[in-house]
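Breakdown of the fold
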Amino acid sequence: MITENDPAGMGIAFTHAINRHSKHTCRLITTAIRYNFDFEKDLHIPDILTQITTDATDSAGFDEIEQLLRDADIIHFHMLADDSISLGPIKVKDYLPGKTILHHHHGHPDFRAHPEKYRQKYRRLKRKVLVSTPDLLQLMPGAVWQPNLVPVDAPPYLPFKGGENGKVRICQAPTRKDLKNTTEFETLMTLLERKYGNVEGVVIENTLHEECLRIKQACDIHFDHMQGYYGVSSLESLSQGKPVIAGMDEWNTRCIKEFTGADKIPWVVAKNRDELQDRLEELIENSDHRKNTGARGRHFMEKYWTEQHALEILMETYNAL
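I will try to describe carefully the structure that is included in this document. Here the structure is a predicted model, which means the values were calculated and not measured. (Residues numbered from 1 in each chain as written. Predicted model: local features only at pLDDT ≥ 70, side-chain atom pairs only at ≥ 80, totals over all residues. Heavy atoms only, no water.)

Right, let's get into the side chain of Thr317. When you line up the elements, Thr317 lands in helix α12 (residues 307-320). Each residue touching Thr317, except ones within four places of it in the same chain, is listed here: Leu102, Lys128, Leu130 and Val144. (Helix = DSSP H or I, 4+ residues; strand = E, 2+ residues; numbered from the N terminus. Contact = heavy atoms within 4.5 Å.)

Written out as structure tokens, the structure reads:
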């Protein structure tokens, strides 16, 4: 797998899942970091460059990358990475002849703004495409939706078993606030904090991923956004047993039901500001409702959205190439 930055940590998540649950071997090569979330890295080009001394023979990191590129059966590009990417002194295009190539899109703004550019590119190259959320299928017809995954049994993704601290804490963890209804959320939280007194709104930003998960684990309700789809942040909080609010539309809901086989999805649906206030007040006022909604989310992830289930889609795609 090759990418500039690791999108929401999914590159390393899929790398580990493939190595844990399949007979195949995967490595992840990254060239940049965005947002400083400190996701785990495998082969990170800036780290390799830092390790190289003035001794020209000290190039073990790039020797390993060259060997991996020569031996690879599949080159799996994430985000906007493609044939033109360079890995330090290595030009990936020199190693692509005879390889099976796959492109995996995660909602990059340029992809969302100019989908026809990418549709034409992949038609010309006759390349297979994965997308990370169902809404992106509408931008790339013919692609395969590859559900993101979280390791539901890892400690940061388990329900927090501590007692309530006297306040109902409601959090949002937006990567880009301008795209995630954060202004509406903050305005509404100011109103609810005044109305109830025991309510606290928390916007988590510019925070290491491990710390973000810890904060979310200690909150009572999670708001994703009202854009019609869901993010990795939703999956994390569902796994943690939290009620998760998002503006899920019919298309995304139908795709999720088809993938999981579930009759219902566990998201609390709010498609506008008034619905968001109503859903939040229902959860704030009724602790049993919060507990039961969170438990349904955790059960959903344990039963329907395991690493193994999400990985089945990727394995089917690899085998079909």
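Let us look at the pattern of salt bridges. Enumeration over the complete set of coordinates arrives at 21 salt bridges. For Arg214, the salt bridge goes to Glu211, with nearest N and O atoms at 2.7 Å. Residue Arg214 and its partner Glu211 are both found in helix α7 (residues 209-217); the two are separated by three residues, about one turn of the helix. For Arg214, a relative accessible area of 47% translates into the label partly exposed. Using a relative accessible area of 31% as the deciding quantity, one classes Glu211 as partly exposed. We note a salt bridge from Arg279 to Glu282, for which the minimum N-O separation is 2.9 Å. Note that Arg279 and Glu282 are positioned in helix α10 (residues 273-285) at a spacing of three residues, about one turn of the helix. (Salt bridge = Lys/Arg side-chain N within 4 Å of Asp/Glu carboxyl O. Buried < 20%, exposed > 50% of the residue type's maximum accessible area, 1.4 Å probe, protein only.)

Pairing within the open sheet is parallel, and its five strands lie in the order β11-β10-β12-β13-β14. The open sheet is flanked by β11 (199-203) and β14 (268-269), the only strands paired with a single partner. The strands touched by helix α6 (residues 182-196) are β10 (168-172), β11 and β12 (221-223); relative to β11, the strand with the most contacts, the crossing angle is about 160°. (Pairing = 2+ DSSP bridges. Axes fitted to C-alpha atoms, helices over the stretch in contact; angles between N-to-C directions.)

To continue, consider the nonpolar core. In terms of nonpolar packing, the biggest core is built from 49 residues, with Trp145, Ile256, Trp267, Trp305 and Leu314 touching the most fellow members. Within the residue set of this core, elements represented by two or more residues are α1 (10-21), α5 (115-125), β8 (128-131), α8 (232-239), β13 (244-246), α9 (250-260), α11 (287-304) and α12. Aside from chain neighbours lying at most four places away, what touches Trp305 is Trp145, Pro147, Asn148, Leu149, Val152, Tyr230, Leu235, Ile256, Phe259, Thr260, Trp267 and Phe300. Judged by nonpolar contacts, the second largest core, of 18 residues, contains Ile2, Ile45, Phe62 and Ile101. (Core = buried A, V, L, I, M, F, W, Y, C linked by side-chain atoms within 4.5 Å.)

Turning to the pairing of strand β4 (residues 74-78), a few remarks are in order. Taken across its five residues, β4 has four buried, putting it largely inside the fold. Two strands pair when backbone bridges link them, and β4 and strand β7 (residues 100-105) are joined in this way by five bridges, in the parallel orientation. If you follow His76 over to β7, its bridge partner there is Leu102.

All right, on to the packing of aromatic side chains then. Within the structure shown, the criterion is met by 12 aromatic pairs. An angle of 75° between the planes, with centres 6.2 Å apart, marks the rings of Trp267 and Phe300 as edge-to-face. In this pair, Trp267 is assigned in the loop between α9 and β14 and Phe300 in helix α11, connecting sequence segments 33 residues apart. As far as the burial class goes, Trp267 and Phe300 line up, both buried. Measuring from centroid to centroid gives 6.5 Å for Trp267 and Trp305, while their planes differ by 70°, and the two rings are edge-to-face. One end of the pair, Trp267, is in the loop between α9 and β14; the other, Trp305, is in the loop between α11 and α12, and 38 residues separate them in sequence. Note on accessibility: Trp267 and Trp305 belong to one class, buried. Chaining the aromatic ring pairs together yields one cluster made of Trp145, Tyr230, Phe259, Trp267, Phe300, Tyr304 and Trp305. (Phe/Tyr/Trp six-rings, centres within 6.5 Å; stacked < 30°, edge-to-face > 60°.)

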